[in-house]
Amino acid sequence: MPDDPVLLLSYVNTELRDFYPDLRSFCEDRGVGGEELCEKLRSINYEYDKNLNQFV
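Below: a short report on this structure. (Residues numbered from 1 in each chain as written. Predicted model: local features only at pLDDT ≥ 70, side-chain atom pairs only at ≥ 80, totals over all residues. Heavy atoms only, no water.)

### Some points on the packing of aromatic side chains
Okay, step 1: Summed over the entire model, instances satisfying the criterion amount to two aromatic pairs.
Okay, step 2: Note on Tyr-20 and Phe-26: the rings are 5.3 Å apart at their centroids and 85 degrees apart in plane angle, and the pair reads as edge-to-face. Across the pair, exposure class does not vary: Tyr-20 and Phe-26 are buried alike.
Okay, step 3: Plain terms: the ring middles of Tyr-48 and Phe-55 are 5.4 Å apart, the flat faces sit at 55 degrees to each other, and that makes the pair tilted.
Okay, step 4: When its relative accessible area of 3% is taken as the criterion, Phe-55 is described as buried. (Phe/Tyr/Trp six-rings, centres within 6.5 Å; stacked < 30°, edge-to-face > 60°. Buried < 20%, exposed > 50% of the residue type's maximum accessible area, 1.4 Å probe, protein only.)

Structure, rendered in structure tokens:
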């Protein structure tokens, strides 16, 4: 996964849209910590919206 937060945002949102029903499933499958991921994307002012299943 990309280390740069902007690239990470694009990557994660694409994966969520195309392959995963929710963030938990993505994190479990990819072996990443959900809170770490959210923190990194929060640093560029994005939050996970479970209704949209995207970071917005």
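### Description of the pattern of salt bridges
Okay, step 1: As enumerated under the stated definition, the model contains six salt bridges in all.
Okay, step 2: Arg-17 is paired through a salt bridge with Asp-18; the nearest N and O atoms lie 2.8 Å apart.
Okay, step 3: Its salt-bridge partner being Glu-28, residue Arg-24 comes within 2.9 Å of it at the nearest N-O pair. Remark: Glu-28 and Arg-24 occur in helix H2 (residues 23-30); sequence separation between them is four residues, near one turn of the helix. Glu-28 matches Arg-24 in its accessibility class, with the two residues each being exposed.
Okay, step 4: Through salt bridges with shared partners, a single network forms among Glu-35, Arg-42 and Glu-47. (Salt bridge = Lys/Arg side-chain N within 4 Å of Asp/Glu carboxyl O. Helix = DSSP H or I, 4+ residues; strand = E, 2+ residues; numbered from the N terminus.)

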